[in-house]
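Residue strings, one per chain:
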Amino acid sequence: MAQPTVQSVDQSDDYVHVRFRSPDDFDEIRTPDWAETVGDSVVEGAEVRTGHTKGSDDWAVQSVLLPTPVDADTAREQATRIVSKIDS
């Protein structure tokens, strides 16, 4: 599966949510421990949501949540680094 591009960056009180794919693309979305370990290797406290892609056996990153405070440009860069590590 090709490296995804950032679709949106939304900020809440606790996290900056960097979305790579629509939740509608998945049958199920999880936040697995192994992905959290990868996320923490780039940003401590990062959470990675992965999803089971509809109509296939593939799992892919749906989004990355980064703890605030972080600006949108930094969040994009950090989330992209996390996804690159997972995809490598």
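Residues numbered from 1 in each chain as written. Predicted model: local features only at pLDDT ≥ 70, side-chain atom pairs only at ≥ 80, totals over all residues. Heavy atoms only, no water.

Another aspect to go through is helix α1 (residues 33–42). Within α1 the residues assigned to the buried category are A35, G39 and V42. Buried residues along α1 cover an arc of 50 degrees about the axis, so they all sit on one side. Within α1, the exposed residues directed more than 90 degrees away from the buried face are D33 and T37. (Buried < 20%, exposed > 50% of the residue type's maximum accessible area, 1.4 Å probe, protein only. Helix = DSSP H or I, 4+ residues; strand = E, 2+ residues; numbered from the N terminus. Arc of directions from axis to C-beta.)

A few words on the confidence of the model for the protein. Confidence in the prediction of the protein, expressed as mean pLDDT, is 94, and 98% of residues score 70 or more. When pLDDT is averaged over each helix and strand of the protein, the minimum, 94, is found for α1 and the maximum, 97, for strand β2 (residues 15–19). (pLDDT = per-residue confidence, 0-100.)

Moving on, we come to the pairing of strand β1 (residues 8–11). Strand direction decides the pairing type here: β1 and β2, joined by four bridges, are antiparallel. Note that in β2 the partner of D10 across the bridge is H17. (Pairing = 2+ DSSP bridges.)

The next point concerns unusual backbone geometry. Here the bond from T68 into P69 is cis, since omega is 5 degrees, no more than 30 degrees from zero. Take P69: it is sitting in the loop between β5 (59–67) and α2 (72–87).

Our next topic: the environment of R21. With respect to the helices and strands, the residue R21 is situated in the loop between β2 and β3 (26–30). Separated by 13 residues in the primary sequence, R21 and S8 have C-alpha atoms spaced 9.1 Å apart. A polar side-chain atom of R21 sits 2.6 Å from the main-chain carbonyl oxygen of V61. (Polar contact = N/O pair within 3.5 Å; in protein donor to acceptor, adjacent residues only side chain to side chain.)

What follows is about the nonpolar core. In terms of nonpolar packing, the biggest core is built from 17 residues, with V18, F20, V48, V61, V64, L66 and I82 touching the most fellow members. Those elements giving two or more residues to this core turn out to be β2, α1, β5 and α2. The dominant element in this core, judged by the number of residues it contributes, is α2, at five residues. Apart from residues lying up to four places away in sequence, V64 is in contact with V16, H17, V18, F20, E47, V48, A79, I82 and V83. (Core = buried A, V, L, I, M, F, W, Y, C linked by side-chain atoms within 4.5 Å. Contact = heavy atoms within 4.5 Å.)

Another point: the sheet that holds β5. Read across the sheet, five strands follow the order β1-β2-β5-β4-β3 without closing on themselves; strand pairing throughout is antiparallel. Bordering the open sheet on either side are β1 and β3, each of which pairs with just one other strand. The average angle at which neighbouring strand axes cross in this sheet is 20 degrees, direction not considered. In this structure, β3 lies alongside strand β4 (residues 47–53), joined through four bridges in antiparallel fashion. Across the sheet, the residue bridging to E28 is H52, located in β4. Against the sheet, α2 contacts β1, β2, β4 and β5, and its axis sits at roughly 140 degrees relative to β5. (Axes fitted to C-alpha atoms, helices over the stretch in contact; angles between N-to-C directions.)

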